[in-house]
Structure formats: C-alpha cells, structure tokens
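So you can see what is in the structure, the chains are spelled out below.
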Amino acid sequence: MQYILNIDTAIEGSSLCVSLEGKCVGFVQNEDQKDSAAWIQEGIQVLLATSGVTIQQLQAIAVSAGPGSYTGLRVGMASAKGLCYALNIPLITVNTLHMMTVAAADTTGDLYCPMIDARRMEVFTAMYTRELTEIVPVQALVLNENSFEEIIAQNKIVFFGNGSAKFRPLIHHPNALFAQPAINAQHLVPLSTASVARKDFANLAYSEPFYGKQFYAPPPKATA
C-alpha cells in the first residue's frame, strides 16, 4: 500500500492530506497562513491519528513547492525534507500552479490559468489544458488589458486563484471566465500518485522552494 503524505503551505493557510492509491483517506486544514510553522507538526500527528495511518507506513512525501508565500514555502519544504530524511523515503515536489489547476479542472473551459498574487499588478501564472498539460510556462507577469489577448481570442480560459481578482477588471472578452475553486493539499493527490508510479522523485539534498522571483525586503528606515 502506497501511503503518501501531501503538504500544501504555499498560498493561503496550510493543509495536509494522506492518500492511498490515488484517494484521499485523511485531511486536515489550518486557514491561518501565519500559523503554518507552529501548526504543521501537530497537524501531521492529528492527521495520521485520525486516518489510522502510522508514520512508518508513509511511502513518500509530496509538497507544493511554489511559487507562493515565501514563508509558507520554506515551512512546507523544511517539514517535507525533514520527514523524508528521518523515514528514508522519497520526496515529491509539485509546482503550486499545477496543483491549483487540478482544483479547477471541473470548471467548464478550454484552458486553465491559475494566478497567485505577487503584489501590485504582478502575478505568478501559467496556463494548462484540461489534461494538465502546460502550454504557457510558469512566469511572473505584470497584468494589463492586453495580457493573453491572442490566446483568449481562440479559447475559453478559466482564470482563478488569489491573483485573478486583479485581472477581472482589466479583461472584458467573453472568453474570459473566472472561478473560485477551493484549493488545498487534496489536489496534490493525483499528481503525487502519478509521480510515485513514474518513480519521479526530487533530489532530497538539493531541493528547494521555487519562489518565482528573488525575495525583496525594503531597506530599514534611516533613524535620526
């Protein structure tokens, strides 16, 4: 039996899911993004206990690896790697935008465009088919009224994620659709299950979050 622990701390809040053969058998969630570091270890214990799964039964750990919240990504990756080292099991890293598209795949559309807020008018985004094939690569994009104008002329595109609210006032094309799917660690399950089947594992020593762009901290204010 292939039990996989799926961890998402990338966007808003934190969630954990234990899956078996492609099905979620246990799920817990904490909606407070700022509490991820304090909650995640306790959350794992609660998840395993309520699922009837021991930590020794886990065969792999999957983590939403970014882009997303800098702090959230670090918490998720550190927790996943620590468990993989301790249990001597493989690590699976999943692009957060890919995971988000799993959540939106039931929405009617030709293409799917997840967006993660990257401040001001910038978002992290990509574009996928219903079959989850990437057709526009992951990028940090400053939105304007001409964004995606060529592709949207030929396709109904579903925009979603916490960055899509920035785009809604800019785009008035009838092929632009907007959705608000709930996104959490359960949507890692089909991707992590497929990775185990392919034996597509990350390098445990060198894996790190995909931040999308360099972290910027404003300089401290000068004091008199």
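Reading the values: rules and limits
Residue indices begin from 1 for each chain and proceed along its sequence in written order. Local features are withheld for residues below a pLDDT of 70 in this predicted model, meaning they are given only at 70 or higher, and side-chain atom pairs are given and counted only at 80 or more; totals for whole chains, interfaces and linings count all residues. Only heavy atoms go into the side-chain values, all of them from the structure, while hydrogens and water stay out. Only DSSP runs of H or I reaching four residues or more are called helices, and only runs of E reaching two or more are called strands; each is numbered from the N terminus. Here the term buried applies to any residue with accessible area under 20% of the maximum for its type, exposed to any over 50%, and partly exposed to those in between, with areas from a 1.4 Å probe on protein chains only. In what follows, residue pairs with any heavy atoms lying within 4.5 Å of each other are defined as contacts. Surface accessibility follows the Shrake-Rupley procedure with a 1.4 Å probe radius. Residue values consider only the protein chains on display as shielding. Neither His nor the chain ends contribute to the count of charged residues, in which Lys and Arg are positive and Asp and Glu negative. Where a charge sits is defined by one atom per residue type, namely NZ (Lys), CZ (Arg), CG (Asp) or CD (Glu). By salt bridge we mean one thing: a side-chain nitrogen of Lys or Arg within 4 Å of a carboxyl oxygen of Asp or Glu. Side-chain atoms within 4.5 Å are what join buried Ala, Val, Leu, Ile, Met, Phe, Trp, Tyr and Cys residues into a set we call a nonpolar core. When we speak of the arc, we mean the arc of directions from the helix axis to the C-beta atoms. If DSSP finds at least two bridges between two strands, the strands pair. Under this scheme, a helix contributes an axis fitted over its contacting stretch, all axes are lines through C-alpha atoms, and angles between N-to-C directions fall in the 0 to 180 degree range. A clockwise turn of the near helix away from the far one marks a right-handed crossing, whereas an anticlockwise turn of less than a right angle marks a left-handed crossing. Residue classes follow a fixed rule: Ala, Val, Leu, Ile, Met, Phe, Trp, Tyr, Cys and Pro count as nonpolar, while Asp, Glu, Lys and Arg count as charged, and any other residue, Gly among them, counts as polar. Polar contact criterion, stated in full: a pair of N or O atoms within 3.5 Å, where within protein one must be able to donate a hydrogen and the other to accept it, and residues adjacent in sequence count only if both atoms are side-chain atoms.

Asker: Sorry if this is basic, but what is going on with the overall build of the chain here?
Answerer: A tally of regular secondary structure across the chain gives 6 helices and 10 strands. For the chain, the spread of C-alpha atoms along the three principal axes comes to 60 × 50 × 30 Å. Counting the 224 residues in the chain, one finds 49% classified as buried. For the chain, restricting intrachain contacts to residue pairs at least 6 apart in sequence, the fraction spanning at least 24 positions comes to 59%. On the chain, roughly 11,500 Å² of surface is accessible, and the fraction owed to carbon and sulfur atoms is 52%. The distance from the centre of the 14 positive side-chain charges to the centre of the 18 negative ones in the chain is 4 Å.

Asker: I'm lost on the pattern of salt bridges in this one. Help?
Answerer: Two side chains of opposite charge can pair, provided their charged atoms sit close to one another. Overall, the coordinates contain 2 salt bridges when judged by the stated rule. Residue R198 is joined to D200 by a salt bridge in which the shortest nitrogen-to-oxygen separation is 3.1 Å. Assessed through its relative accessible area of 40%, D200 is described here as partly exposed.

Asker: Explain the nonpolar core to me, please; I cannot follow it from the model alone.
Answerer: What tends to happen in soluble globular proteins is that the nonpolar side chains get buried as a cluster. Formed by 30 residues in total, the largest nonpolar core has its most connected members in M99, M100, F160 and I183. Of all the secondary structure elements, the ones that give two or more residues to this core are β4 (58-64), β5 (91-94), α3 (96-104), β6 (111-117), β7 (122-129), β9 (157-160) and α6 (189-198). If you tally residues by element for this core, the top one is α3, at 6 residues. Residues contacting M100, with those up to four places away along its chain left out, are I11, P114, M115, I116, F160, G161 and I183. One finds V18, V53, V75 and A80 within the second-largest nonpolar core, a separate group that totals 25 residues.

Asker: Sorry, what's going on with α6 here?
Answerer: For α6, every residue scored as buried is listed here: V189, L191, S192, S195 and V196. One face of α6 carries all of its buried residues, which in axial projection span an arc of 165 degrees. Opposite the buried face of α6, by more than 90 degrees, sit the exposed residues A197 and R198. Looking at the buried positions of α6, the neighbouring elements they touch are β1 (3-8), β2 (14-20), β3 (23-30), β4, β5 and α3. Just downstream of α6, K199 is the residue with a positive phi angle, here 55 degrees.

Asker: Explanation requested: the pairing of strand β8 (residues 134-142) in the structure shown.
Answerer: In the case of a regular strand, side chains alternate between the two sheet surfaces. By the bridge criterion, 6 bridges tie β7 to β8 in an arrangement that is antiparallel. Residue M127 lies in a different strand from β8, and its bridge partner there is V136. Adjacent in sequence and paired antiparallel, β7 and β8 are bridged by 4 residues, among which L132 carries a positive phi angle near 75 degrees.

Asker: I keep staring at the packing of helix α1 (residues 36-51) against helix α2 (residues 70-87) and nothing clicks. Help me out?
Answerer: For any two helices packed against each other, the geometry is given by the interaxial angle and the distance between the axes. α2 packs onto α1 with a crossing angle of 35 degrees between their chain directions and a minimal axis gap of 10 Å. The hand of the α1/α2 crossing is right-handed. Judged by residue contacts, S36, A37, I40, Q41 and I44 of α1 engage V75, S79 and L83 from α2. When its residues are assigned to classes, the contact of α1 with α2 shows 5 nonpolar, 3 polar and no charged.

Asker: I'm lost on the side chain of S207 in this one. Help?
Answerer: Locating S207 in the fold gives a position in the segment after α6. Engagement of the side chain of S207 in a polar contact is seen with the backbone oxygen of N203, the distance being 2.5 Å. Excluding its chain neighbours within four sequence positions, the residues that come into contact with S207 are M77, K81, L91, T93 and A202.

Interpretation in functional terms is not warranted from these geometric data alone.
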